[in-house]
There are 2 protein chains.
Amino acid sequence: MQKEYILSKNQKIIFDLIDKSAEPMKAYAILFNVQKKGIKAPLQVYRALDKLVEIGKIHKIESRNAFIACQNSSCQISKATAFSICESCEKVSEINNSKLSKYLSNFEDDSGMRYSKYNLEFFGLCKKCKSK
Amino acid sequence: MQKEYILSKNQKIIFDLIDKSAEPMKAYAILFNVQKKGIKAPLQVYRALDKLVEIGKIHKIESRNAFIACQNSSCQISKATAFSICESCEKVSEINNSKLSKYLSNFEDDSGMRYSKYNLEFFGLCKKCKSK
DNA sequence: AACATTATGTAATAATATAACATTAACAAG
DNA sequence: CTTGTTAATGTTATATTATTACATAATGTT
Ligand SMILES: [Zn+2]
Ligand SMILES: [Zn+2]
Ligand SMILES: [Zn+2]
Ligand SMILES: [Zn+2]
């Protein structure tokens with residue numbers, strides 16, 4: 001389970017916006033949306049985003065430079081993330097598959113490196129887009 | 001095996017630079033390095049990078065906005081990539097593990113989406129940094 | 001030669017992210 | 001309740017990453 005964490009004012013404003021959004025949101029789209037609430041500068045957005053990522057409430061989709069709310073209440077605080085991304089409509093979903101996460105969390109290669117964290121992004125066409 | 005592909009002048013200059021580099025290179029570091037060879041503008045770099053990524057000679061490390069040469073001659077042309085990244089010294093290696101790539105290439109979740117491509121980035125401490 | 005495709009050159013600008021510094025809020029210890 | 005500490009905020013400026021738009025040249029095909 002995710003640890004409860006009391007969000008600050010800016011963090012809450014920005015989390016609520018991302019959480020309500022159907023798609024991943026970009027930092028400057030967020031900024032534009034929250035300007036009426038008094039958040040005026042990029043840095044205010046990025047600071048809240050950093051914190052929200054750190055505590056696992058949101059994740060960054062690296063290939064898109066965009067952020068989505070964690071859709072997975074049992075997510076290991078941003079340490080192990082997997083997403084499916086439709087290359088046509090850009091729909092993104094967080095993958096919650098215990099076999100996959102177990103497999104990746106236990107993965108070891110021959111480098112002797114032990115991994116404390118991973119991020120996986122799958123690309124393809126979603127059902128809707130495939131049938132077009 | 002990777003299909004042979006004749007690189008253009010700019011593509012070759014930029015590929016050679018990345019290929020010789022021990023670490024992933026960022027676009028503007030590349031630009032700085034190739035200015036003496038007549039490549040003056042960011043766009044010239046980005047165009048070459050795009051093509052090199054497309055044909056699988058290099059890969060983008062999304063979490064770092066940086067590029068490395070493919071270290072894996074049997075790599076499925078950028079469709080299936082996995083990397084290990086040391087969070088201390090930033091050393092990056094391409095993982096070449098057939099079990100892993102088979103597992104991920106065949107992965108299906110319950111969304112009905114079939115994936116044509118993936119990118120996986122593992123994070124941790126490399127041997128050297130762990131022993132410090 | 002005519003056409004299509006790919007690559008290049010150049011300037012301007014857009015989009016993403018951080019540095020530096022000053023101030024304020026929240027919280028715990030004494 | 002006040003002192004010290006940490007986390008969060010506000011603000012300006014700037015750094016970094018990436019693309020648009022348009023013109024030209026090289027390459028490959030029929
Ligand atoms: Zn999650
Ligand atoms: Zn789709
Ligand atoms: Zn490769
Ligand atoms: Zn290291």
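Just above sits the structure.
What you see is a predicted model; the values in this text were computed from it and never measured.

Size of an interface: often given as the accessible area lost when the parts come together. Every contact between the two is made by 32 residues of chain A and, on the other side, 32 residues of chain B. Both faces combined, the contact of chain A with chain B buries some 2700 Å², and carbon together with sulfur accounts for 62% of it. Interface area lost by chain A to chain B is led by Met-113, Phe-122 and Phe-123 of chain A, which between them contribute 21%. Scanning the region where chain A abuts chain B turns up 2 salt bridges. Lys-117 of chain A is paired through a salt bridge with Glu-87 of chain B; the nearest N and O atoms lie 3.3 Å apart. Counting residues per element, the ones that place at least two in the side of chain A that touches chain B are strand S3 (80-86), helix H4 (98-105), strand S5 (114-125) and helix H5 (127-130) of chain A. Broken down by element, the residue count for the side of chain A that touches chain B peaks at 12 residues, all from S5 of chain A. Split into classes, the residues belonging to the side of chain A that touches chain B amount to 15 nonpolar, 8 polar and 9 charged.

Moving on, we come to the coordination of the zinc ion (ligand 4). Six octahedral donors around a metal ideally subtend angles of 90 or 180 degrees, whereas four tetrahedral donors ideally subtend 109.5 degrees. All names here are of chain B. The protein atoms donating to the zinc ion (ligand 4) are Cys-86 (SG), Cys-89 (SG), Cys-126 (SG) and Cys-129 (SG), with metal-donor distances spanning 2.3 to 2.4 Å. Relative to the metal, the 4 donor atoms surrounding the zinc ion (ligand 4) lie at angles of 106 to 112 degrees, and the coordination shape comes out tetrahedral. We note that the donor set of the zinc ion (ligand 4) lies within a single chain, spaced as C-x2-C-x36-C-x2-C. Accessibility classification places Cys-126 together with Cys-129 in one group, the buried group.

Further remarks concern the protein's contact with DNA strand D. In the region of DNA strand D, 17 residues are neighbours, and Ser-8, Gln-44 and Arg-47 of chain A together with Lys-26 and Lys-60 of chain B sit closest. In DNA strand D, atoms within 4 Å of the protein come 46% from sugar and phosphate. At 3.4 Å, a backbone N or O of Lys-9 of chain A approaches a phosphate oxygen of DNA strand D. Backbone polar atom of Asn-10 of chain A to a phosphate oxygen of DNA strand D: 2.9 Å apart, as the coordinates give it. Residue assignment for the surface near DNA strand D shows that the elements contributing at least two residues are helix H1 (9-20) and helix H3 (42-54) of chain A together with helix H3 (42-54) of chain B. For the surface near DNA strand D, the element with the highest residue contribution is H3 of chain A, accounting for 4 residues. Here the residues of the surface near DNA strand D sort into 6 nonpolar, 5 polar and 6 charged.

Cut-off values and rules
- Per chain, the residues get numbers from 1 upward, laid out in the order the sequence is written.
- Numbering of ligands from 1 and lettering of chains from A proceed in the order in which they are written.
- Local features in a predicted model are, by the rule used here, given only for residues with pLDDT of at least 70; side-chain atom pairs are given and counted only at 80 or more, and totals for whole chains, interfaces and linings are based on all residues.
- As a rule here, side-chain values cover all heavy atoms of the structure and leave hydrogens and water aside.
- Contact definition: two residues touch when any of their heavy atoms are within 4.5 Å.
- Defined here as a combined quantity, buried area equals the accessible surface (1.4 Å probe) lost by two parts on assembly, summed across both.
- By convention in these notes, a salt bridge is any Lys or Arg side-chain nitrogen within 4 Å of a carboxyl oxygen on Asp or Glu.
- Numbered from the N terminus, helices here are DSSP runs of H or I no shorter than four residues, and strands are runs of E no shorter than two.
- Polarity classes work like this: nonpolar for Ala, Val, Leu, Ile, Met, Phe, Trp, Tyr, Cys and Pro, charged for Asp, Glu, Lys and Arg, and polar for all others, with Gly in that last group.
- Donor criterion used throughout: N, O or S atom within 2.8 Å of the metal, extended to 3.2 Å for Na, K and Ca. Water excluded; incomplete-looking sites may result.
- Geometry assignment treats four donors as tetrahedral when all angles are between 85 and 135 degrees, treats four as square planar and six as octahedral when opposite donors are over 155 degrees apart and all others between 65 and 115, and treats everything else as irregular.
- Three exposure classes are used, based on accessible area relative to the maximum for each residue type with a 1.4 Å probe and protein chains only: buried under 20%, partly exposed in between, and exposed over 50%.
- Here a residue is considered near a molecule or strand provided that any single heavy atom belonging to it is located within 4 Å of it.
- Definition of a polar contact: a pair of N or O atoms within 3.5 Å, with one able to donate and the other able to accept a hydrogen when the atoms are protein atoms, and with sequence-neighbouring residues admitted only if both atoms are side-chain atoms.

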